[in-house]
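A look at the structure
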Amino acid sequence: MENPKLNPDLSPAVIKMINFIGSHLKENITLMDIARAAGYSQFHALRIFKEETGLSPFEYLRKERLLKSAYELRSNTDKKVIEVAFDFVFDSHEGFTRAFSNAFGITPKKFASYNRNEGWLIPYNYLDRNRLKEEKPMENKTSFIFTQIVERPKRKLIVKFSKKATHYFEYCEEVGCYTPEKPDPWHILSQIKEALGEPMGVWLPDCLRPEGTGVYAHAIEVPENFTGKVPEGFDIIDLQPCKYLIFQGEPYDDDNYEEAIDALMDSISKFNPNVYGYEWDDKIAPCFQLEPMGWRGYIEGRPIREIKR
C-alpha cells in the first residue's frame, strides 16, 4: 500500500523501498529484501536510498519501527513494553528502551503510562524540513516531536524584563554574559529555591509586560503563595491557571544545536492544535522555551484552550 505522505520528489525506486519497509515493520527483513523490492542490487539500493532520504534503509526502518511502536504503546493498553519490543523486532527490553529513549527523550514505560486524554500524545512527525544551511542540507529527514498537554495552576512569575528584546540573542546582548561579579538573570533565577521548575526564556503577551519593555525575557515560576525575596531588578507578576501544549523534540548533537532548534521551531510554528480540540491562547500566559540540551531535545510550550463546540 502506498504512503500518501511521501515526498513526491522521491524516485519510484525509493518509494517502492519505503513502502516495502512500511509493510514489513514487524518482520525480519534484510537489505537484500529491500533492494529486491526496487529491483536493484544491494549496493545501488543503499546508495540511492541514502542519497534521497539522508538515511540508510536500516536507519529509516529503525525510525519507523520506533514511531509505530510509540503508537502501539498509546493505543493498546493491554500490551506490555516487552511485547511491543518483540512485535517490532527488537531483541530485548533493554535494547528497545535504550533506542526509544535516545530517539524520543523518554522511556517507553513512562511514555505508555501517561493519561491518554491529557498526557503524552502520539509523536508528531514531519518530513522534508526546509534547508537550513546550504552546506548542511536537512531535506528528507524524518524527525519526531512529542506533544504533552499540561495544566498549570494559579502561580507567579519572577521575571527580568528586557528593554526591547524579541528573542534570546537580543536579550543576551542587553543583559550581558555571566561573570562571578555580575551574574546574569538565568544564573540568579536558578538560585530561587521555591521555584516550580527551571528557568525559562519567555515570550510575554502585552497584558503581562509593562509599557516600554521587550517581548522576550528570562523568568521562573513560583507558587501563588510565594513569600521569598524577589531579586533586585526583577519583577513578579501573577499568572492565571491555564493549559499548555508542550513540544519536545528528539535528542540532537550539541554541535548542531542551532540547526536542530531552528528546524523544530519551524515545525512547531506550523503545528495545528485544532486536531486535538484546542486552539492557541497566547494572550493568557507566556510562551516559553527551556534551556536547549541535546540529550533531551528542544522543549517549548504554548498556552492553549479547548475549542467550544
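This text follows the structure it describes.
Now for a quick tour of the structure. (Residues numbered from 1 in each chain as written. Predicted model: local features only at pLDDT ≥ 70, side-chain atom pairs only at ≥ 80, totals over all residues. Heavy atoms only, no water.)

1. Examining the packing of helix H4 (residues 57-75) against helix H6 (residues 93-104)
Let me state the cut-off plainly: Inter-axis angles, ranging from 0 to 180 degrees, are taken between N-to-C directions of lines fitted to C-alpha atoms, where helices are fitted over the stretch in contact. Secondary structure elements are taken from DSSP: a helix is a run of H or I of four residues or more, a strand is a run of E of two residues or more, and numbering for both begins at the N terminus. Throughout this description, any angle smaller than 35 degrees is read as roughly parallel, any larger than 145 degrees as roughly antiparallel, any in the 65 to 115 degree range as roughly perpendicular, and the remainder as oblique. The contact rule is simple, with two residues in contact once any of their heavy atoms fall within 4.5 Å. Residue polarity is assigned by list, with Asp, Glu, Lys and Arg as charged and Ala, Val, Leu, Ile, Met, Phe, Trp, Tyr, Cys and Pro as nonpolar; anything else, Gly included, falls into the polar class.
Interaxial distance between H4 and H6 falls to 11 Å at its minimum, and their mutual angle equals 95 degrees. Here H4 is positioned roughly perpendicular relative to H6, judged by the angle of their axes. Residues Arg62, Leu66, Leu67, Ser69, Ala70 and Leu73 of H4 pack against Phe96, Ala99, Phe100, Ala103 and Phe104 of H6. Each residue belonging to the contact of H4 with H6 can be placed in one class, and the counts come to nine nonpolar, one polar and one charged.

2. Looking at a nonpolar patch on the surface
The cut-off we apply is this: Nonpolar side chains (Val, Leu, Ile, Met, Phe, Trp, Tyr) within 5 Å and like charges within 9 Å form the patches, drawn only from residues with over 30% relative accessible area and no salt bridge. Values of accessible area rely on a 1.4 Å probe in the Shrake-Rupley scheme; residue burial ignores everything except the protein chains shown. Put simply, a salt bridge is a Lys or Arg side-chain nitrogen that is within 4 Å of an Asp or Glu carboxyl oxygen. Here's how the labels work: a residue is buried when its accessible area is under 20% of the maximum for its type, exposed when over 50%, partly exposed in between, all with a 1.4 Å probe on protein chains only.
Together, Tyr168, Phe169 and Tyr257 make up a nonpolar patch on the protein surface, roughly 300 Å² of accessible area in all. Considering the arrangement of structural elements, one finds Phe169 in helix H8 (residues 168-175). Accessibility expressed as a relative area gives 46% for Phe169, which makes it partly exposed.

3. Considering the packing of aromatic side chains
Basically, it comes down to this: Note on ring pairs: Phe, Tyr and Trp rings are taken, using the six-membered ring of Trp, and paired if centres are within 6.5 Å. Classes follow the plane angle, with under 30 degrees stacked, over 60 edge-to-face and the rest tilted.
One pass over the structure, following the stated rule, counts nine aromatic pairs. For the pair Trp203 and Tyr216, a centre-to-centre distance of 5.3 Å together with 70 degrees between the ring planes defines the contact as edge-to-face. Pair noted here: Trp203 is in strand S4 (residues 200-203) and Tyr216 is in strand S5 (residues 216-223), with a separation of 13 residues, a long-range link. For the pair shown, Trp203 and Tyr216 are each scored as buried.

4. Describing unusual backbone geometry
Positioned with a positive phi, Val89 is a non-glycine residue whose angle comes to about 65 degrees. On the basis of relative accessible area, Val89 is assigned to the partly exposed category, the value being 21%.

5. Things to note about the pairing of strand S10 (residues 299-306)
We count it as follows: By the convention used here, strands pair only if DSSP detects at least 2 bridges between them.
The buried fraction of S10 is high, at six of eight residues. Both strand S9 (residues 287-289) and S10 contribute to a ladder of two bridges, which runs antiparallel. What sits directly across from Phe288, in S10, is Gly301.

6. Examining the environment of Ser75
With respect to the helices and strands, the residue Ser75 is situated in helix H4. The class of Ser75 is exposed, set by a relative accessible area of 60%. Residues Ser75 and Ala112, spaced 37 residues apart in sequence, show a C-alpha to C-alpha distance of 9.1 Å.

7. Some details on the side chain of Asp281
With respect to the secondary-structure elements, Asp281 resides in the loop between strand S8 (278-280) and S9. Owing to a relative accessible area of 11%, Asp281 belongs among the buried residues under this scheme. The contact partners of Asp281, leaving out residues within four places of it in the chain, are Pro303, Ile304 and Arg305.

8. Details of the packing of helix H1 (residues 12-23) against helix H3 (residues 42-53)
The N-to-C vectors of H1 and H3 enclose an angle of 95 degrees; their axes lie 10 Å apart at closest approach. What the angle tells us is that H1 and H3 run roughly perpendicular. Only Ala45, Ile48, Phe49, Glu52 and Thr53 of H3 make contact with H1, whose side of the interface consists of Ala13, Val14, Met17, Ile18 and Ile21. Residues belonging to the contact of H1 with H3 are distributed by class as follows: eight nonpolar, one polar and one charged.

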